Amino acid sequence: MSSLSAIPATPAIPDAEALYKELLNGVKPLMRPATKLVGITSGGAWLVERLQKDLGLAGAPGVISSAMHRDDFARRGLSASAQTALPFDVNGTDVLLLDDVLYTGRTIRAVLNELFDFGRPACVRLAVLVDRGGRELPVAADFAATTLTLPDTQLLALARAEDGAFSLKVEENK
């Protein structure tokens, strides 16, 4: 018998474009006549930009940043990603949050705090491209295009090419 323990293999990374199509189909039943889409920077903002067009919605989608409400703000500081821009009145609005990867739930908690700084929405729901488990807070997506388990030592990130095509990449957590 070998004294080396087996190293778990990284699961196959799904095709992000195929997952986007699943997300598009999964979001449709969540839409109400007055639903406003809000993407979490940066991956969720890319998704919401494309969803807004593909769903034929008028106006611009919202973009929201978790930077000011993160519980690790002192360590991370402000990121270079886009800041919050909500081109509608949040009060009484049905909001559908979009993010690329749901992991611990801490980004969603921070984003909810940011959203409530702008008003009191009637309803907030969450759709994600990938739910990778590992929750540290009681947060669940109303829709996830897929679930994927990765070791805690790895991060999953959405990338967008110049032509707008999505891909997923795995990075080692530093």
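Each remark here, short or long, concerns the structure printed above.
Since this is a predicted model, take the numbers as computed values, not measurements. (Residues numbered from 1 in each chain as written. Predicted model: local features only at pLDDT ≥ 70, side-chain atom pairs only at ≥ 80, totals over all residues. Heavy atoms only, no water.)

## Focus: the sheet that holds strand E1 (residues 36-40)
Pairing in this open sheet of five strands is parallel, and the strands run E2-E1-E3-E4-E5 from one edge to the other. The open sheet has two edge strands with one neighbour each: strand E2 (62-64) and strand E5 (143-147). On average, each strand axis in the sheet is inclined to that of its neighbour by 25°, with strand direction left out of account. Judged from the four bridges that link them, strand E4 (residues 123-131) and E5 form a sheet pairing that is parallel. Among the inter-strand pairings, Val128 is bridged to a residue of E5, identified as Ala144. Against the sheet, helix H2 (residues 43-54) makes contact with E1, E2, strand E3 (94-102) and E4, and its axis sits at roughly 150° relative to E1, the strand it touches most. (Pairing = 2+ DSSP bridges. Helix = DSSP H or I, 4+ residues; strand = E, 2+ residues; numbered from the N terminus. Axes fitted to C-alpha atoms, helices over the stretch in contact; angles between N-to-C directions. Contact = heavy atoms within 4.5 Å.)

## Concerning helix H1 (residues 16-27)
The end-to-end C-alpha distance of H1, which contains twelve residues, comes to 16 Å, matching closely the 16 Å that a straight helix rising 1.5 Å per residue would cover. Taken together, the buried positions of H1 are Ala16, Glu17, Leu19, Tyr20, Leu23, Leu24, Gly26 and Val27. Elements that come into contact with the buried residues of H1 comprise H2, E3, E4, E5, strand E6 (154-160) and strand E7 (166-172). Two or three places before Glu17, at the opening of H1, Asp15 has a side-chain oxygen 2.7 Å from that residue's backbone nitrogen. (Expected span 1.5 Å × (residues − 1). Buried < 20%, exposed > 50% of the residue type's maximum accessible area, 1.4 Å probe, protein only. Polar contact = N/O pair within 3.5 Å; in protein donor to acceptor, adjacent residues only side chain to side chain.)

## Points about the pattern of salt bridges
One pass over the structure, following the stated rule, counts seven salt bridges. One salt bridge connects Asp131 with Arg135, and the closest N-O pair in it is separated by 2.8 Å. Assessed through its relative accessible area of 14%, Asp131 is described here as buried. For Arg135, a relative accessible area of 28% gives the class partly exposed. A salt bridge links Glu171 to Lys169, with the shortest nitrogen-to-oxygen separation between them at 3.3 Å. Using a relative accessible area of 33% as the deciding quantity, one classes Glu171 as partly exposed. (Salt bridge = Lys/Arg side-chain N within 4 Å of Asp/Glu carboxyl O.)

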